[in-house]
Each structure stands twice: as structure tokens, then as C-alpha cells.
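Structure at a glance
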Amino acid sequence: MPPTDPRRDAAAPRGPGVGSRPKRVAWGALALFLAAFAVFESQKYGVPTTAAALVFFVFPDVTRFAGVRPPGALHQAVHRVWIPLAVLVGYTFGPVVWPPLFTAGLGWLTRIALDRTLGRGLASS
């Protein structure tokens, strides 16, 4: 087994969300798909869905401006994939029929995917 180079290990990205190039490309592809889907839904259902998508796209920044700083629990929560994903799945299979809720989840998940594409993980968003 060849020895590892400590300089290479020290320069490797650390922290959740900051990954290798293939991960970032995959996050970028997901971000493009989600953004296109949000635009499609916004065109289909009108202004309320567009507003919901845009509001939740900037939601992580709004929490930061409100004084929520990393590595706090609320900051970590708004940058997790599982919450907007649960909104999307719950809307898809649940009894609620209100399109702005779905596009809000799309906007939020698009933002998280964009942040991960740009290499901003949970601790540095």
C-alpha cells in the first residue's frame, strides 16, 4: 500500500456538502432540473406559485439575515435536503392540492442543490 501524501490530505475539502467534482456536477444537474421544473409549474399555475418558489429559493439567506448563524440547529435545518424533499413527497402523495406548496419545495431544494454545486456545504452556506 503506497503512503499517503499529507499535503494532499490537508488540501482535501472538508465538511458536509463539499465534495468531489462528480458530486458537484450531479448537484448541478439536479439544480438545473429542479429550476426547470419550478419554472414549468410556475407557468402552469401562475403568480402564487412563482412567488412561493422565489420566496423559498431565498429562504436560506433570509434566515441568515435574521441572525441565524452557522453551526446552529436552525441554520443546519434550513440547509438540509430532507425537509424540502419531504414537502415534495408529501404533496405528491398526500391529499393537499395547493400548487404553491409544491413550488415552494422546488425552490427550496433548488437553492440547496445550487449551494452544493458551488461547494457551499452546511457549515459555510
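Structure shown above.
The rules we used
Residues numbered from 1 in each chain as written. Predicted model: local features only at pLDDT ≥ 70, side-chain atom pairs only at ≥ 80, totals over all residues. Heavy atoms only, no water. Core = buried A, V, L, I, M, F, W, Y, C linked by side-chain atoms within 4.5 Å. Buried < 20%, exposed > 50% of the residue type's maximum accessible area, 1.4 Å probe, protein only. Helix = DSSP H or I, 4+ residues; strand = E, 2+ residues; numbered from the N terminus. Contact = heavy atoms within 4.5 Å. Expected span 1.5 Å × (residues − 1). Axes fitted to C-alpha atoms, helices over the stretch in contact; angles between N-to-C directions. Parallel < 35°, antiparallel > 145°, perpendicular 65-115°, else oblique. Nonpolar A, V, L, I, M, F, W, Y, C, P; charged D, E, K, R; others polar. Salt bridge = Lys/Arg side-chain N within 4 Å of Asp/Glu carboxyl O.

**So, the nonpolar core**
Of all hydrophobic cores here, the largest spans eleven residues; its members are L34, A38, V78, V81, L88, Y91, F102, L106, W108, L109 and I112. Among the elements that make up this core, the one with the highest residue count is helix α7 (residues 99-117) (five residues). Contact partners of Y91, with chain neighbours within four places excluded, come to V96, V97, W98, P99, L101 and F102.

**Topic: α7**
Given 3.6 residues to a turn, an α-helix orients residues that are three or four positions apart in the same direction. Between its first and last C-alpha, α7 extends 27 Å over 19 residues, near the 27 Å set by a 1.5 Å rise per residue. The buried count for α7 comes to 17 of 19 residues, which makes it a mostly enclosed element. In the segment just after α7, G119 is the residue with positive phi, at about 85°.

**Here's the deal with the packing of helix α2 (residues 21-45) against helix α3 (residues 47-57)**
Direction vectors running N to C along α2 and α3 enclose 150°, while the axes themselves pass 6 Å from each other. Classed by the angle they form, the pair α2 and α3 counts as roughly antiparallel. Taken together, the residues of α3 that come into contact with α2 (itself represented by E41, S42 and Y45) are V47, P48, T49 and T50. Looking at the contact of α2 with α3, its residues break down into three nonpolar, three polar and one charged.

**With respect to the pattern of salt bridges**
In total, this model carries three salt bridges according to the counting rule given. D61 is paired through a salt bridge with R111; the nearest N and O atoms lie 3.0 Å apart. You can see D61 sitting in helix α4 (residues 59-65) and its partner R111 sitting in helix α7, a full 50 residues away along the chain. Of the two residues examined, D61 and R111, each falls in the buried class. Where D115 meets R120, a salt bridge forms, and the shortest distance between an N and an O atom there is 2.9 Å. Among the residues examined, D115 registers a relative accessible area of 3% and is labelled buried. What you see here is one network of salt bridges that share partners, running through D61, R111, D115 and R120.

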